[in-house]
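Commentary on secondary and tertiary structure
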Amino acid sequence: QVKSDSITLQARRDNITNGIQNQVNSIQGKLDGDLSNLCHNPTFSHGVEGWNSSHLAVEGPWSEMPTPKNGTLFVRDAYYGDYFPVSKGERYYTSVFAHNGDSATFVLGLCFQLKDGSLSWLSGSNVPGLQTGKFDGYVDVPDNAVRAKIWASIQKFDNFGWVRFTNVIVKKNDAISQIN
C-alpha cells in the first residue's frame, strides 16, 4: 500500500510540475523575450494584440524588414498597451526598426497624461522620411506627467503614406532594465 501511495503522490507531483511549466512557457511565449520591454508584442508575432489603431495592419514578410511580421501604419497615431505610472526625472529608452515609405518623419515615443488631465507627446526614436533601419532614442518624463503609454506616429495631418515597423522597444532606463 505504501509503494502504491508513493507512486500516486509522485504522479500528482509530476502533473502539478508539468502544469506550472506549461503556464510559464505560455507566458514567456506571449512576452516575446525581454521582460523589461514595456511592449509585449514588439515584433507583431501576436498580430495587433495590444496595439490600439484601426489603421494598423500586420504584414510581411518583407525583404527590408528583420522579422517575419511587422506592423504597417496608414494614419497618424497608434498606441500600445495601457497607461503606466511615471515620475519626474525618469528616462525611457526607445528603439524601433522601421521602413518609412512616407516623406514625413515616423516617431516612436510616449504619450503622457499630465496632472491637469491634458496630454503631451514626446518622441524618442525618429525615423526620417523614406529611410530604413534601426533608430534609437530617449524620452525624459516631463515635470507634471503622471502616466504614459507607448505611441507611434507618422508626423503629418493628412495624405498619409505608410510605415512598416517592428522590434519595438520601450524600457525604463535604469539599472534593473539594463540587466535584460
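Our structure is the block above this text.
Everything numeric in this text was worked out from a predicted model, so none of it was measured.

**Digging into the environment of H46**
Here H46 shows up in the loop between α1 (2-31) and β1 (51-52). The exposure class assigned to H46 is partly exposed, which follows from its relative accessible area of 28%. Expressed as a C-alpha distance, the spacing of H46 and V58, which sit 12 residues apart in the sequence, is 9.2 Å.

**Here we look at the side chain of T72**
Tracing the sequence through the fold places T72 in strand β3 (residues 70-73). Looking at T72, its side chain comes within polar contact range of the side chain of N70, at 3.5 Å. Not counting the four nearest positions on each side in its chain, T72 is found in contact with H55, L56, A57, E59, W162, V163 and R164.

**Section: the nonpolar core**
Of all hydrophobic cores here, the largest spans 31 residues; its most connected members are W51, V86, F106, L110, F112 and F165. Of all the secondary structure elements, the ones that give two or more residues to this core are β4 (77-85), β5 (91-100), β6 (106-114), β8 (132-140), β9 (145-154) and β10 (163-172). Ignoring any residue separated from it by four or fewer positions in sequence, one finds F112 in contact with V86, S118, L119, S120, L122, V139, D140, V141, P142, A145, R147 and A148.

The rules behind each value
Residues numbered from 1 in each chain as written. Predicted model: local features only at pLDDT ≥ 70, side-chain atom pairs only at ≥ 80, totals over all residues. Heavy atoms only, no water. Helix = DSSP H or I, 4+ residues; strand = E, 2+ residues; numbered from the N terminus. Buried < 20%, exposed > 50% of the residue type's maximum accessible area, 1.4 Å probe, protein only. Polar contact = N/O pair within 3.5 Å; in protein donor to acceptor, adjacent residues only side chain to side chain. Contact = heavy atoms within 4.5 Å. Core = buried A, V, L, I, M, F, W, Y, C linked by side-chain atoms within 4.5 Å.

Read these as layout, nothing more, since geometry by itself doesn't imply function.
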